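Listed below, chain by chain, are the residues.
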Amino acid sequence: MKIYLDHAATTAVDKEVIKAMLPYFDDKFGNASSLHQFGQEAKEALEKSRETVAKLINADPREIIFTSGGTESDNWAIKKIAFTNEDKGNHIITSRIEHHAVLESCEFLGKNGFKVTYLPVDRYGRVNPEDVKKAITKSTVLVTIMHANNEIGTIEPIEEIGKICKEKGVYFHTDAVQTVGKVPIDVKKMNVDLLSCSSHKLYGPKGVGFLYVKKGTKIAPMIHGGGHEFCLRSGTENIAGIAGFAKACELAQKNMEKWNSHEKKLRDKLVKGVLERIPESWLNGHPEKRLEGNANFCFKCIEGESLILHLDDKGVAASTGSACSTKELKPSHVLTAIGLSPVDAHGSLRLTLGKDSTEKEIDYVLGVLPGIVADLRKISPLWKGDR
Ligand SMILES: *Cc1c(COP(=O)(O)O)cnc(C)c1O
């Protein structure tokens, strides 16, 4: 038995995506900067991919800069907007539930002459746009709030926040790694100036992503060199990866509704089943404004890490929260930000579904999970027996 329910960490590359990539390792191996036909073939693939990707978020192709993924895009947007616009001010606004790529970038800035405001969220993990408005001062240069949270799946009121930032003349960046291809995005309607995306979260290859940079945005290059990517991110382009990423975007655009309703149906069954079968459990995140594939539970008196290992023994791949927080034993910053105690936050389980998840898999999980939780509680010093 091998059941993958960790799609928020990464996804398998779609077969069609692999097929779209293969020629660029083989007879279309050219360097997109070369003038000969090999180069021109690669260049053509690069620019066609840029158009496909841009379409998914209603951007102009010239506003899409390919990067190595979400982490790079977040780092670039935040640090370079800050340093490039220092003459305007030194204040950054973010939230307490951002991905580490955003939080660590902000913390770095905080140690280098910038002031950072970390906005709280409500118990569902939503940022209040009014808080953003109140936090903006004359020295604010950037607001960075994620589109959807990778742990609890909560979707943020990006359009409202974008509107406020536009009115106040402040740059607005959003980490949309969890939403591109899953939630319809229109950067113009949402008033977004910068947006991060990663290919491997939407059935594309790892190590590719983009940063959307709205025309006219004042930002320094990420990498200096031969002038690739409109002189903003030099280095010979990863054509195979980019072509695969574009195919993944194309598939996501075509199948968004179908995949979402499939995942929602299974997720709802999973949530209902878990909460019915396991006492002293609850769902974290927003009841409706959440990613269709996301379920994040807490079980009283359980160590999330033990739960993951026991599930793995039964063939089920799950997570306690973000893949990055598993290296440390600190409770999830997202779960504590929504008001959970550190002890309760340790008892979390994230199950994230994908387009290829099946009802049989959900039935299997509903079959094994209650027993594992009951066994772990039996050996927990905190558990006082079924109440
Ligand atoms: C996965 C993830 C990232 C990091 O993207 P990589 O391409 O893996 O570097 C950033 N933000 C969020 C919300 C993510 O889920």
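Residues numbered from 1 in each chain as written. Predicted model: local features only at pLDDT ≥ 70, side-chain atom pairs only at ≥ 80, totals over all residues. Heavy atoms only, no water.

Some details on the environment of Gln40
Of note, Gln40 is situated in helix α2 (residues 37-56). With 107 residues separating them in the primary sequence, Gln40 and His147 have C-alpha atoms 36 Å apart. Filtering out sequence-adjacent residues up to four positions away, Gln40 remains in contact with Ser34 and Leu35. (Helix = DSSP H or I, 4+ residues; strand = E, 2+ residues; numbered from the N terminus. Contact = heavy atoms within 4.5 Å.)

Looking at the state of the cysteines
On inspection of all chains with the given rule, the structure shows zero disulfides. Counting only cysteine sulfurs, Cys106 is the nearest neighbor of Cys165, a cysteine outside any disulfide, at a range of 13 Å. Residue classification places Cys165 among the buried positions, given a relative accessible area of 0%. (Disulfide = S-S within 2.5 Å. Buried < 20%, exposed > 50% of the residue type's maximum accessible area, 1.4 Å probe, protein only.)

Re the site of the ligand
Around the ligand there are 13 residues in total, and Thr71, Asp175, Gln178, Ser198 and Lys201 lie nearest to it. A distance of 2.6 Å separates a nitrogen atom of the ligand from a polar side-chain atom of Asp175. Within the side chain of Lys201, one N or O atom sits 2.7 Å away from an oxygen atom of the ligand. Compared with its free state, where it exposes 380 Å², the ligand has 87% of that area covered by protein. Considering every element that reaches the shell around the ligand, the biggest residue donor is helix α3 (residues 70-84), with three residues. Here the shell around the ligand is built from residues that sort into two nonpolar, eight polar and three charged. (Near = heavy atom within 4 Å. Polar contact = N/O pair within 3.5 Å; in protein donor to acceptor, adjacent residues only side chain to side chain. Areas by Shrake-Rupley, 256 points an atom, 1.4 Å probe, with all protein chains shown as cover. Nonpolar A, V, L, I, M, F, W, Y, C, P; charged D, E, K, R; others polar.)

A short note on the pattern of salt bridges
Considering all chains together, one arrives at 18 salt bridges under this definition. Salt-bridge contacts for Asp193 lead to Lys214; the nearest nitrogen and oxygen are separated by 3.8 Å. In this pair, Asp193 is assigned in the loop between β6 (171-175) and β7 (194-198) and Lys214 in the loop between β8 (209-213) and α7 (228-231), connecting sequence segments 21 residues apart. Exposure remark for Asp193: the relative accessible area of 11% places this residue in the buried category. Here Lys300 ties to Asp344 by a salt bridge, and the two come within 3.2 Å at their closest N and O atoms. In this pair, Lys300 sits in the loop between β10 (294-299) and α9 (304-313) while Asp344 sits in helix α11 (residues 342-346), placing the two residues 44 residues apart along the sequence. Each of the salt bridges in this network shares a partner with another, and the network as a whole consists of Lys43, Glu47, Arg50 and Glu229. (Salt bridge = Lys/Arg side-chain N within 4 Å of Asp/Glu carboxyl O.)

Things to note about the side chain of Thr140
Of note, Thr140 is situated in strand β5 (residues 140-144). For Thr140, the side chain forms a polar contact with the side chain of His91, separated by 2.7 Å. Reaching out from Thr140, the side chain makes a polar contact with the backbone nitrogen of Thr137 at a distance of 2.8 Å.

With respect to a negative patch on the surface
The grouping of Asp26, Asp27, Glu41 and Glu44 at the surface amounts to a negative patch. The residue Asp27 is located in the loop between α1 (15-21) and α2 in this model. (Patch = residues over 30% accessible without salt bridge, like charges linked within 9 Å, V, L, I, M, F, W, Y side chains within 5 Å. Lys, Arg positive; Asp, Glu negative; His and termini not counted. Charge placed at Lys NZ, Arg CZ, Asp CG, Glu CD.)

Re the domain arrangement of the chain
A common measure of how large an interface is: the accessible area buried when the components associate. Here the domain parsing of the chain yields domain 1 (3-9 + 256-386) and domain 2 (15-251). The C-alpha-based centres of domain 1 and domain 2 are spaced at 29 Å. The interface is formed by 31 residues belonging to domain 1 together with 31 residues belonging to domain 2. Taken as a group, Met256, Leu291 and His333 account for 25% of the area that domain 1 buries against domain 2, more than any other trio of residues on that side. Our count for the domain 1 to domain 2 interface comes out at zero salt bridges. Taken together, the links from domain 1 to domain 2 amount to twelve residue pairs in polar contact (both at pLDDT 80 or more). Considering every element that reaches the side of domain 1 that touches domain 2, the biggest residue donor is helix α10 (residues 333-337), with five residues. Across the side of domain 1 that touches domain 2, the residue classes tally to eleven nonpolar, 14 polar and six charged. (Domains from an automatic or database assignment. Buried area = accessible area lost by both parts, 1.4 Å probe.)

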